[in-house]
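The lines below spell out each chain.
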Amino acid sequence: MATPGPHDRTTSNSPTRRSVLRAAAIGAGAVTLPSVLAACASGSGAGGAGGKTVTFGSNWSDPVPKKGIATAIAGFQASSGYTVKTNTVDHNSFQENINRYLQGNPDDVFGWFAGYRMQYFAQKGLLGDISDVWSGFTGMSDAIKAQSTGLDGKQYFVPLYYYPWAVFYRKSVFAQHGYQIPTTWDQYIALAKQMQKDGLVPISFSDKDGWPAMGTFDYINMRLNGYDFHKSLMGGHEDWSDPKVKKVFDTWRELLPFYQQGALGLTWQESAQALQQKKTGMMTLGMFLGQQFGTDVSDLDFFAYPAIDPANGQDAVEAPIDGFLLSRKAKNVTAAKKLLAFLGTAKAENDYLSIDPTELGVNSSVVTTGYSPLQQSGAKLVSTAKSISQFMDRDCRPDFVSTVMIQALQTFLNNPNDVDGLCNSIQRQKTAIYATEG
Amino acid sequence: MTAIAAGPATPKATGAKGPRAAVAPRRVGLHVFLAAVSLLWLAPLLLAVYASLRPYQETAKYGYFSLPHHLSFAYYREAFTQSGMAQHFLNTLLIAVPAVLLTLFFASFVAFCIARVRIRGGFFILILFTAGNLLPPQVMVTPVYELFTRIPLPYWMSDSLTMYDSYWGVIAIHIAFQTGFCVFVMTNFMKALPEELREAAIVDGAGVWTQFWRITLPLCRPALAALATLEFAWIYNDFLWALVLMSSGDKMPVTSALNNLKGQYFQDYNLLAAGSVLVALPTVILFFILQRHFIAGLTLGATKG
Amino acid sequence: MRPKADLEPAVSVGEPTAGAPASAAAPETGRRRPRAARRRIRRLTTRDRLVITVLLGLPLLFTFVLVWATTLASVGLSFTNWDGIGSAKFVGIDNYKELFTNYPPFATAIWHNLLWLGFLALVATPLGLLFAVLLDRKIRFGRFYQSALYLPVVLSLAVIGFISQLIFARDDGILNTLLGTTGPGQHPVDWIGDPHINIWVVLVMAGWRHAGYVMVLYLAGLKGVDPSLKEAAAIDGANARQTFFRVVFPVMRPVNIIVGVITVIEALRAFDIVYAINGGTNGLELLSVLITDNIIGEASRIGFGSAIAVVLLLISVGCIVAYCMTELREEKS
């Protein structure tokens, strides 16, 4: 755990390491070992191999999730006798900073996402292996376990909750016009046309922030080309100029006439508002949409993204999972693993969900009696899914998504007719970025 | 004073357009122009303040450009408590106050050496500082981070035991980066100062320090006041350096408190507006305090009569 | 007239190698310029030299280590494929090739930065000067006007994003409401979402802040202008405009240079407004945003991002050289 710097990953556990390293530090002039010195700083309460304190970096900075996490943590403190020092950083800063955070002075346990976004850091040696913690878990499905596993087959991630993506609508609007839930693409398009006739803007859509459009790409790709192809494309194993990918954009283009105007100037909150005000009919987004609805949330419902190719049906669901990781530099690994073990229990999830009812617990023993109707249908959607994807920005390399795909999807929305040029450009950039692996 | 000085010239200025009686309409025109521009400049802020006084449900329903149904300061209280603003305010002051003071002090002295003592290589030093200021800060982020994680600090200075994740690092980078700009401004300002007072002091045997601290610096009040206002606003509003050089949420400056108000999912813009107004207050207050100094004028021409 | 040469002690305080003690540099200087050295000893006491060494050395050290050394390190990184975590591999000029041939936002960003520079230099800066000139006299409500025009300078990122939405939102923004284009069947202008329009909206917002900033500097600068010069010009029969352009403006040369440099800095460093609005995508690309996307965020393409930074650096160097030339010319005259 004594990691002098990002270039030197050797760890030393010899009993005299303190003096050796101190001498080395003096010799090298400017190298120090914060973790080791912290361990030596007795009385600081900052940790120590056998200490009763564990540090926890939280990106749950919004009031409700923050309180939910605090409740879960309090449960751990009460049952274990450990003290958890929570370091809350606003989610956006935390994300921007993750590389520096993990190499600098990370907390023992920290909040993060499942998917490649987690596997990447595991591969880079910045995460601690918690396979032993996982072996004690009960109530976790194989699908969930797969999402918690690194590319090396070891477990790194403890999931807390997930939130499925689907097509949301207002029940009262559908009842008023007698709309039927579409299960196929043709029905979906027909419904959109009908809404247009009824004076509704069929689909709320927004991509000012660059990421909401990814959900639609993911779904069309999974419905059209299947989950395996999607996963493989996200993993960087497919060619983006493949006709299959071009077909995704071509299919997507059919939806554009039904979108809200000015989508690139709208945040998802604004277009969710249009849905709430019954100006629009449907919206593809995650379940967090409910948070924008206030008291109207009881009128909110969703249906699974319609099938395009019958071979793939509607069997894949996009359901990003949030949870916890152990940092490789953790100072108090024993306590950290105890905390992680606790966070994987149904009790921790119940504690969290008692405060934040807009997410779904991952543990099968989670008490669902308190679930709202929306949560109930969400749980049903995921439990019947054959496979679960995370989200483009979680399944894919972050450098590729944030520097290429955000731009590319916005380019498509501005100029939907040059799919060839766009896909070729994506592929060229992808080749360059993926060439820098390692 | 300048108004009086410019006064006699005014009638002549309008000579081409009209007779001497045009003075009063001209004044009115000036006020109309300034009032219109000020309104244009303030309108967006006033709208933000207006929004911050109204509940989200109301503006969501009727739009921001509508008559109010409810007005209250509830969002201000909520913004202050919910984001932990008190703590973050304190953090920002811990960073900004020493950074601004040291920056101005160092920059003034360097400028003094260049513009007044005229040390050899002064021009080169000036270029070095000025050019340094033209460099984009993002260029330095990675190396500065790598450097700071390797610089040890004792526990009493930083509980992270390194420059990384400590106020010292953020203060240091602000000083390093902002000194360039201030050196540049101060050098140019000092070049324009009359030399007589300092020459008299030199004849009286005053040392460099006395010439600087007692003679030159007081003359720089307008420039220092203007710089202090700007520097404080910049360092205060900075989020880049705090973001990349710190990892503890409870050490983050006040800009981070605003991020706390920007929800991951639900965004209450009116709450955010209230928070923004609160956060902007100290810089505005500082401006009002220092404004007097940089517009008050100086009796610079005194020695020249 | 004062005898200039006698008042200028030719002091040598170490070359810019940060805080080299003056005493160390002294013998060398002595060998080359015995006369100057003798005068220096007379003019500057040991205490003076100590003060200068410490107080000049410290800021120099800061600038060297934290600004220049780190920048040079970044130039080095631009020739690697470092991702911020593992070890770096030297890749020659691959990043640059990539940048110029295979990164669509890059050309747009360069164009936007230049546009930004042009807009600030030709519109916002003159506007700020105008404000300062109008307010640099005792008029009623002068302080109110000054405060109003300065306020945008102190605003933080978050509120700018919100304000942009209040005013420029397509459907319920104030601008479109005032233009009367938000009704049914109308086609409101998409100020923020249309990639051909939004850059101009952002430039207006940038000008909104920049003018107040320039005004503050000129207000301070105008105070340095000797009132007797203006009086003399007035007596000579110059009108206000002539007095300003022929007497006041040239005398303010130092401030003009300051403002010129600041305008360049603001244009090259422009970042926060576009970042607050949409993260600098969809028509709002700027070099600083591309650097941030690649280096600061989760992407961590340090090598590639550094290459963009070096391009920005080269543009800055162009401005630095131009600035040096003017300064040198003045130094000589």
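Residues numbered from 1 in each chain as written. Chains lettered and ligands numbered in written order. Predicted model: local features only at pLDDT ≥ 70, side-chain atom pairs only at ≥ 80, totals over all residues. Heavy atoms only, no water.

Trainee: Just checking my understanding: could you explain the overall build of chain C for this structure?
Mentor: When helices and strands are tallied, chain C shows 16 helices and zero strands. The buried share of chain C, reckoned over its 333 residues, is 60%. Considering only residue pairs separated by 6 or more positions, chain C has 65% of its internal contacts joining residues 24 or more positions apart. (Helix = DSSP H or I, 4+ residues; strand = E, 2+ residues; numbered from the N terminus. Buried < 20%, exposed > 50% of the residue type's maximum accessible area, 1.4 Å probe, protein only. Contact = heavy atoms within 4.5 Å.)

Trainee: What exactly am I supposed to notice about the overall build of chain A here?
Mentor: If you tally the helices and strands in chain A, you get 20 helices and twelve strands. Classification of the 438 residues of chain A by burial places 61% in the buried group. Of all intrachain contacts in chain A linking residues separated by at least 6 positions in sequence, the fraction that spans at least 24 positions is 75%. Of the roughly 15,700 Å² that chain A leaves accessible, carbon and sulfur atoms contribute 52%. (Areas by Shrake-Rupley, 256 points an atom, 1.4 Å probe, with all protein chains shown as cover.)

Trainee: Looking at this structure, I do not really get the interface of chain A and chain C. What am I missing?
Mentor: When the parts come together, some accessible area is lost, and that loss is often what is quoted as the size of the interface. On the side of chain C, 34 residues touch chain A, which itself brings 36 residues to the contact. Taken together, both faces of the contact between chain A and chain C bury some 3,000 Å²; the carbon and sulfur share is 44%. Viewed at the interface, chain C and chain A are joined by two salt bridges. Across the pair Glu298(C) and Arg117(A) runs a salt bridge, and its minimum N-O distance is 2.7 Å. Put simply, chain A and chain C have twelve residue pairs in polar contact (both at pLDDT 80 or more) between them. Looking at the side of chain A that touches chain C, the elements with two or more residues in it are helix 4 (91-96), helix 5 (98-103), helix 6 (116-123), helix 19 (398-414) and helix 20 (419-435) of chain A. Here the side of chain A that touches chain C gets eight residues from one element, more than from any other, and that element is helix 19 of chain A. Considering only residue class, the side of chain A that touches chain C consists of eleven nonpolar, 16 polar and nine charged. (Buried area = accessible area lost by both parts, 1.4 Å probe. Salt bridge = Lys/Arg side-chain N within 4 Å of Asp/Glu carboxyl O. Polar contact = N/O pair within 3.5 Å; in protein donor to acceptor, adjacent residues only side chain to side chain. Nonpolar A, V, L, I, M, F, W, Y, C, P; charged D, E, K, R; others polar.)

Trainee: Looking at this structure, I do not really get the interface of chain B and chain C. What am I missing?
Mentor: Counting residues at the interface gives 107 residues for chain B, matched by 117 residues for chain C. Across the chain B to chain C interface the summed buried area is about 10,500 Å²; carbon plus sulfur atoms make up 75%. Looking at the side of chain B facing chain C, the largest losses of area belong to Trp41(B), Arg120(B) and Leu134(B), adding up to 9% of the total buried there. Taken together, chain B and chain C are joined by zero salt bridges.

Trainee: Explain the pairing of strand 3 (residues 109-113) of chain A here, please?
Mentor: Regular strands show a simple pattern: their side chains alternate between the two faces of the sheet. Residues and elements named next belong to chain A. Most of strand 3 is tucked away: five of the five residues are buried. Residues Val 109, Gly 111 and Phe 113 line one face of strand 3 and the alternating positions Phe 110 and Trp 112 line the opposite face, and both faces are buried. Pairing of strand 1 (residues 53-58) with strand 3, which is carried by two bridges, proceeds in the parallel orientation. The residue bridging Phe 56 from the neighbouring strand is Val 109, located in strand 3. Direction of pairing for strand 3 relative to strand 10 (residues 321-326): antiparallel, over a ladder of five bridges. Paired with Phe 110 across the strands is Leu 325, a residue of strand 10. (Pairing = 2+ DSSP bridges.)

Trainee: Can you help me understand helix 7 (residues 142-150) of chain C in this one?
Mentor: Structural remark: α-helix, 3.6 residues per turn; residues separated by three or four positions point the same way. Most of helix 7 of chain C sits inside the fold, with seven of its nine residues counted as buried. By the burial criterion, the buried members of helix 7 of chain C are Gly142(C), Tyr145(C), Gln146(C), Ser147(C), Ala148(C), Leu149(C) and Tyr150(C).

Trainee: Any chance you could explain the confidence of the model for chain A here in plain terms?
Mentor: Close inspection of predicted coordinates is inappropriate for parts of the model with low pLDDT. Looking at chain A, pLDDT values average 86 and 88% of them are 70 or higher. Below pLDDT 50 for its whole length, residues 1-49 of chain A participates in 62 contacts with residues either more than four positions away or in separate chains. (pLDDT = per-residue confidence, 0-100.)

Trainee: Would you mind showing me how to read the pattern of salt bridges here?
Mentor: Side chains that carry opposite charge are capable of pairing whenever their charged atoms lie near each other. Residue and element names in this part refer to chain C. In total, this model carries 22 salt bridges over all chains according to the counting rule given. Arg 209 is paired through a salt bridge with Asp 272; the nearest N and O atoms lie 2.8 Å apart. Pair noted here: Arg 209 is in helix 10 (residues 198-223) and Asp 272 is in helix 14 (residues 272-278), with a separation of 63 residues, a long-range link. Look at Arg 209 and you get buried, because its relative accessible area is 14%. Note on Asp 272: relative accessible area 24%, which makes it partly exposed.

Trainee: I would appreciate a short explanation of the domain arrangement of chain A in the present structure.
Mentor: All names here are of chain A. The domains assigned to chain A are domain 1 (41-163 + 321-365) and domain 2 (165-318 + 390-435). Computed from C-alpha atoms alone, the centre-to-centre distance between domain 1 and domain 2 is 30 Å. With twelve residues of domain 1 at the contact, the number on the domain 2 side is 13 residues. Together domain 1 and domain 2 conceal approximately 1,200 Å² of surface at their shared face, both sides included; 51% is due to carbon and sulfur atoms. When the area that domain 1 buries against domain 2 is broken down by residue, the three leading residues are Tyr 116, Arg 117 and Tyr 163, summing to 49%. In this assembly, domain 1 and domain 2 are joined by two salt bridges. The closest approach of N and O atoms between Asp 322 and Arg 394, which form a salt bridge, is 2.8 Å. Viewed at the interface, domain 2 and domain 1 are joined by eight residue pairs in polar contact (both at pLDDT 80 or more). (Domains from an automatic or database assignment.)

Trainee: Even after reading the chapter, I still don't get helix 9 (residues 167-191) of chain B, so can you show me in this structure?
Mentor: Residue and element names in this part refer to chain B. Between its first and last C-alpha atoms helix 9 spans 35 Å; for 25 residues at 1.5 Å apiece the expected length is 36 Å, and the two agree. At Thr 179, helix 9 shows its maximal bend, which comes to roughly 35 degrees. Of all 25 residues in helix 9, 22 are buried; the element is thus mostly enclosed. (Expected span 1.5 Å × (residues − 1). Bend = angle between axes of the 7 residues up to and from the residue.)

Trainee: Looking at this structure, I do not really get the packing of helix 8 (residues 141-150) of chain B against helix 4 (residues 46-77) of chain C. What am I missing?
Mentor: The axes of two packed helices give the description: the angle between them and the distance between them. In the contact formed by helix 8 of chain B and helix 4 of chain C, the axes pass within 8 Å of each other and the chain directions differ by 115 degrees. It follows from the interaxial angle that helix 8 of chain B and helix 4 of chain C lie roughly perpendicular. Along this stretch, helix 8 of chain B crosses helix 4 of chain C, giving a crossing that reads as right-handed. Facing Thr142(B), Pro143(B), Val144(B), Leu147(B) and Phe148(B) of helix 8 of chain B, the residues of helix 4 of chain C in contact are Val65(C), Leu66(C), Thr70(C), Ala73(C), Ser74(C) and Leu77(C). Taken together, the residues that form the contact of helix 8 of chain B with helix 4 of chain C break down as eight nonpolar, three polar and no charged. (Axes fitted to C-alpha atoms, helices over the stretch in contact; angles between N-to-C directions. Parallel < 35°, antiparallel > 145°, perpendicular 65-115°, else oblique. Left-handed = near helix turned anticlockwise from the far one by under 90°.)

Trainee: Whenever I open this one, the side chain of Asn256(C) confuses me. Can you help?
Mentor: Positionally, Asn256(C) belongs in helix 13 (residues 253-269). Apart from the residues within four sequence positions on either side, Asn256(C) is in contact with Tyr218(C) and Phe249(C).

Trainee: What's the story with the pairing of strand 2 (residues 83-88) of chain A in this structure? I'm lost.
Mentor: Residue and element names in this part refer to chain A. Pairing between strand 1 and strand 2: six bridges, direction parallel. Its bridge partner lying in strand 2, Phe 56 is registered against Thr 86. As a crossover connection, the stretch from strand 1 through helix 3 (residues 63-80) into strand 2 is right-handed. (Right-handed = clockwise from strand over helix to strand, strands pointing away.)

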